[in-house]
Amino acid sequence: METVTKLTAEKPVVIFSKSTCCMCHTIKTLFCDFGVNPTVHELDEMPRGREIEQALSRLGCSPTVPAVFIGGELVGGSNEVMSHHLNRSLIPMLRRAGAIWV
């Protein structure tokens, strides 16, 4: 869990992903379309990826990917991100975190 905390504190937007996950790709594309440059950790390409995935599960991420953190706080997975997007609260969150300026 300490590794997750350290990795999510480094940048305004952090996404834990798997390179073969279509929902992960969708969420990464959404953020890039907003002009956000998220830090992406592909768990299936990391030596300790399984350990990080277990920590995400303990944090309540189900499924474990995609797991999105904004401003160091867990937002959730694709359902939560899309809910924030549809109720127009995602952009303000990104602004507060310094991920976008416009």
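As the structure is a computational prediction, the values presented were derived from the model and not from experiment.

So, how was this worked out
Residues numbered from 1 in each chain as written. Predicted model: local features only at pLDDT ≥ 70, side-chain atom pairs only at ≥ 80, totals over all residues. Heavy atoms only, no water. Helix = DSSP H or I, 4+ residues; strand = E, 2+ residues; numbered from the N terminus. Rg over C-alpha atoms; globule rule 2.2 N^0.38 Å. Buried < 20%, exposed > 50% of the residue type's maximum accessible area, 1.4 Å probe, protein only. Axes fitted to C-alpha atoms, helices over the stretch in contact; angles between N-to-C directions. Parallel < 35°, antiparallel > 145°, perpendicular 65-115°, else oblique. Left-handed = near helix turned anticlockwise from the far one by under 90°. Contact = heavy atoms within 4.5 Å. Nonpolar A, V, L, I, M, F, W, Y, C, P; charged D, E, K, R; others polar. Salt bridge = Lys/Arg side-chain N within 4 Å of Asp/Glu carboxyl O. Pairing = 2+ DSSP bridges.

Chemist: Looking at this structure, how should I read the overall build of the protein chain?
Modeler: Broken down by element type, the protein chain carries 5 helices and 4 strands. Mapped in sequence order, the helices and strands of the protein chain form the string α-β-α-β-α-β-β-α-α. Computed over C-alpha atoms, the radius of gyration of the protein chain comes to 13 Å, within 12% of the 13 Å expected from 2.2 N^0.38 for 102 residues, which places it in the range of a compact globule. C-alpha extents for the protein chain along the principal axes are approximately 35 × 25 × 20 Å. Taken over 102 residues, the protein chain has a buried fraction of 42%.

Chemist: When you look at the packing of helix H2 (residues 22-33) against helix H4 (residues 78-86) in this model, what are you seeing that I'm missing?
Modeler: How two helices sit against one another is set out by the angle between their axes and by the gap between those axes. Across the interface, H2 lies against H4 with an axial gap of 10 Å and an inter-helix angle of 30°. When the axes of H2 and H4 are compared, the pair comes out roughly parallel. Here H2 runs over H4; the crossing is left-handed. From H2, Met23, Ile27, Leu30 and Phe31 reach across to H4, where they touch Ser78, Val81, Met82 and His85. Of the residues belonging to the contact of H2 with H4, the class tally is 6 nonpolar, 2 polar and no charged.

Chemist: What's the story with the pattern of salt bridges in this structure? I'm lost.
Modeler: Where charged atoms from two side chains of opposite charge come close, those side chains can pair. Summed over all chains, the structure comprises 5 salt bridges. Where Lys6 meets Glu10, a salt bridge forms, and the shortest distance between an N and an O atom there is 3.8 Å. For Lys6, a relative accessible area of 57% translates into the label exposed. Assessed through its relative accessible area of 43%, Glu10 is described here as partly exposed. Taken together, the salt bridges that share partners define one network made up of Lys18, Arg50 and Glu53.

Chemist: Can you help me understand the sheet that holds strand E3 (residues 67-70) in this one?
Modeler: Hydrogen bonds between backbone atoms are what pair the strands of a sheet, whose relative direction is either parallel or antiparallel. The strand order across the open sheet formed by 4 strands is E2-E1-E3-E4, and the pairing between neighbours is mixed. On the outer flanks of this sheet lie strand E2 (39-42) and strand E4 (73-76), each paired with one strand and no other. Ignoring which end each strand starts from, the neighbouring axes of this sheet average 25° apart. Bridge analysis of E3 against E4 gives 3 bridges, and the strand direction is antiparallel. Its bridge partner being in E4, Phe69 is matched across the sheet by Leu74. Against the sheet, helix H1 (residues 2-9) engages strand E1 (13-17), E2 and E3, with an angle of about 135° to E1.

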